[in-house]
Each structure stands twice: as structure tokens, then as C-alpha cells.
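Architecture at a glance
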Amino acid sequence: MIKVASPQIGRQEIAAVEEVLLSGQYVSGRKVDEFETLFSEYVGVDYSVAVNSGTAALHSALDVLGIGPGDEVIVPALTFFSTVTAVVHQAGVPIFCDISLDNFCLDPDDLLRRITPRTKAIIAVHYFGHAAEMDAINQIAKRYGLAVIEDCAQAHGTTYKGRKVGSLGDMGAYSFFATKHMTTGEGGIVTTNDVKANEKMRSFRSHGMEGRHDHVMLGYNYRMTEIAAAIGIIQLDKLDELNEKRIKASEYLIEQLSGVSWLTMPKVPSYVRHTYFWCHAMINEDLVGQSTQSVIQTLRNKGVEVRERYTEPLYRQPMLTHFIPPILQLSGGANLPAYGDLNLPNVEQAAGRIIGLPNRPDITQAELDKVVESVLSIG
Ligand SMILES: Cc1ncc(COP(=O)(O)O)c(C=O)c1O
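The following refers to the structure shown. The model shown is predicted, which means the values in this text are computed figures rather than measured ones.

Comments concerning the pairing of strand β8 (residues 171–175)
Counted residue by residue, β8 has 5 buried out of 5 residues, so it is predominantly covered. Here β8 shows two buried faces, one formed by Met-171, Ala-173 and Ser-175 and the other by Gly-172 and Tyr-174. Inspection of the sheet shows strand β5 (residues 147–151) paired to β8 by 3 bridges, in the parallel sense. Bridge assignment links Asp-151 to a residue of β8, and that residue is Ala-173. The pairing of β8 with strand β9 (residues 188–192) spans 5 bridges and is antiparallel. Of the residues in β9, the one forming a bridge with Gly-172 is Thr-191.

In C-alpha cells, the structure reads:
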């Protein structure tokens, strides 16, 4: 099977982990400090706060922005579910927004329609490594006094008009889960230029502690380990090189498959450096004359692993339609949307029809050709 993703780990990471294990210091040490400094330099921000997942990064960012019961946060309806649960963890109300079919990120026109007097923040997801339209999103945010969190969990190294994602809004949240452009096993980081947010998040990630004994706020154990940070330092150093390979593989697939009538391959504006979490392609089921599931099965039968992201609009997830609303009612969210009744046209069109083709940095030319040949044999 030609795999979509595989962690790019080598001798250096193993040696770095060994060094930490032998040092006896596993948390809150030199490696986390160094990783945070290097990550800030890479993204082009003043501060980074390392945590133990991308979800923890989103939650920390929302907390530090003061999102609380009943506050509305606008999120795209096609993304990983924790973009939404991070809002709910703060008893905030997720408000779903449609996406643009050009980049699968927040549609700024629909964003405008979702704003109410209770809106406090926007989470812009840089989906699949494509940057969201940050100029338009920031302009809207400025006009209505809203905070912007960038969900960069799929976009390490992506740039928008020459600047790295994570430096364009108020806060950036990254994930270092095993399949991402760079990994620490599990891990995450928040990027910001706000000195107060930086200080508060350090307390939030460590039981709300100030000093050794005082718990001054509600916090969590969101600390990144020294082991994870040691891996992160090496991975960050390799990131640009790994991304180049990912981009090259994706561009080859795009070039070879752009003539396939039933597939929409990525189209990238000149001001975006797309880093292709996967090489995404949208299927037109009418043109290919079969379901997306059947295309996926055929590719798998031919030895090509395929990802499908995401298969349902998030507003249809049982947790939102059945479980979350009572919790939000209790915590003050009086204006809950009827999530089950939502129907956002572009999200409906894209959900369940986007596949991710293999583009891992170590994919071989023979494997890429096999992917092309397998796709061309369909339809
Ligand atoms: C867009 C998006 N946001 C948030 C997350 C959450 O990151 P983590 O799995 O590290 O908690 C992910 C992870 O896949 C993601 O893809």
C-alpha cells in the first residue's frame, strides 16, 4: 500500500530523546524553552507557548482571549472536530460558517452573515495547508472588534503574502500530531505577539499556577514534555526541506491529474505557499458516475491509500445535535443554533467528496506514477 503519511523520524531525533531521558529532566526544562524560541523565530512572532496537543493550543488561545459562556465563535463547518470542541470547552457557542470551494477555508462573504452582537472571535482554519483569505478575515474582524485565531494544525510553513500562518491573526494554534508536516508524537504550540497572553497561557497550561504553590486561575495540565520538545527542535530544523518534498510531490500529481474531468485539483493563488498536508482532490460524483466511496475503494484495491476529510459537515455530528446543547444551555449559551437544521451549500458539496492522495516527503517517483496511473484508470 502506498501510504499517505508517515512520520519522518531519523537518528537525530532518537539521539535527542536519549539525551533527555538520560538527563532526568522530563518537563519544564531547557528543551521546551529552546523549542519555543526557535518556533517563534520560524513563524515570525514574539512568543510561542508549547503545549501537549493542537486541541490544547486552541483551548489555551480561546481562554486567553476571554471566550466564556454564551460567547459566539465563528468556525468553518468543515474541519477537524476539535476546532469546535475547543470553543465548547469554554462554554462558548460555535457558529458554523460556509467555506469557499477555491481553498476549502472560511468564506469571508458568509463570515459577514454569521456575525451577531454576541460574536467574540473567529477561528480561521488553514485547511490542508492552504492559507485562508486572511486579509479579508482580518478586515472583518477589525471592523467588528473580533479576535482572530488561526488554526494552523494542517499548515506548518504555509505562507500568505510572504508571512507565515500563525503570525497573521491574534493567536496561531499548531498541532504536532504524528501525521503532521512535523511531529513531536503528540504536541501543539500557540503563537502570538501579545506579551500578556503569553504569560497567562504559561499559567493556563500548568494548573493555573503562579510560582510553586499558588493556583490563581482554572488551568489544565497542557504542558509539553522535554522529550516532545527535543524531537520538535530537530523536526523544525527539517521542516522546510520536508515541505519542499511534499510540495514537489503534490505539484507532480496536480500536473498529471489536472486534465481529469471528474477531479478538481488544488488551485493556488500566487500569494500563497501551500504546503499540502495532503494532495487534496475533490470528486465530482456525477461526472465519474460513481460514489466517492467507490472511487476510494478502487484506489485502495490498487494499493493506493487515500484519506477522506471530512465526511460530514460538523453541524451534523451527534455530539452537537444531541449532547452539547444541554451543556451549553446550562453554562449560559441561551442562543443556541439548531445545528441539525443547518445546510451550508459549499460545505454540503465538499463534505465526503474530498480525498487526500499520497504526497509524503519520502514518496518515490514510482509510487507517484502508480497513484497517477490508478486515478487515470477510473472513470
Ligand atoms: C484543523 C485541525 N485543528 C485541530 C487539530 C487538533 O490537533 P491535535 O490532534 O494535536 O489535538 C487537528 C488535528 O488533526 C486539525 O487537523
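Read on for the rest.
Description of helix α3 (residues 54–64)
In an α-helix there are 3.6 residues to a turn, and that puts residues three or four apart on one side. Where burial is concerned, most of α3 is hidden: 11 out of the 11 residues are buried. Three or more residues of α3 are buried, namely Gly-54, Thr-55, Ala-56, Ala-57, Leu-58, His-59, Ser-60, Ala-61, Leu-62, Asp-63 and Val-64. Here the buried face of α3 lies against β1 (47–51), α4 (82–89), β5, β8, β9 and α7 (195–204). In the stretch just after α3, Gly-66 is the one whose phi turns positive, near 80°.

Section: the environment of Asp-33
Assignment of secondary structure puts Asp-33 in helix α2 (residues 30–43). Between the C-alpha atom of Asp-33 and that of Cys-279, which follows or precedes it by 246 residues, the distance is 34 Å.

So, the sheet that holds β9
On the basis of which strands lie adjacent, the open sheet formed by 7 strands has the order β1-β9-β8-β5-β4-β2-β3 and mixed pairing. Looking at strand neighbours, the two that pair on one side only are β1 and β3 (93–97), the edges of this open sheet. Strand-to-strand twist in this sheet, taken as the mean axis angle between neighbours without regard to direction, amounts to 25°. Bridge count for strand β4 (residues 119–125) against β5 is 5 bridges, and the pairing is parallel. Paired with Ala-121 across the strands is Ala-147, a residue of β5.

Quick look at the site of the ligand
Taken together, 14 residues lie near the ligand, and Gly-54, Thr-55, Phe-80, Ala-153 and Ser-175 sit nearest. When contributions to the shell around the ligand are tallied by element, the ones reaching two or more residues are α3 and α4. Class assignment of the residues belonging to the shell around the ligand gives a composition of 4 nonpolar, 9 polar and 1 charged.

Quick look at the sheet that holds strand β13 (residues 272–273)
With antiparallel pairing, 3 strands are arranged side by side in an open sheet as β7-β6-β13. Each edge of the sheet is formed by a strand with only one pairing partner; in this case those strands are β7 (163–164) and β13. Strand direction decides the pairing type here: strand β6 (residues 159–160) and β13, joined by 2 bridges, are antiparallel. Residue Tyr-160 lies in a different strand from β13, and its bridge partner there is Val-272.

Definitions and cut-offs
- Residues numbered from 1 in each chain as written.
- Predicted model: local features only at pLDDT ≥ 70, side-chain atom pairs only at ≥ 80, totals over all residues.
- Buried ≥ 20, exposed ≤ 12 C-beta atoms within 10 Å, placed from the backbone.
- Helix = DSSP H or I, 4+ residues; strand = E, 2+ residues; numbered from the N terminus.
- Pairing = 2+ DSSP bridges.
- Contact = placed C-beta atoms within 7 Å.
- Axes fitted to C-alpha atoms, helices over the stretch in contact; angles between N-to-C directions.
- Near = placed C-beta within 6 Å.
- Nonpolar A, V, L, I, M, F, W, Y, C, P; charged D, E, K, R; others polar.

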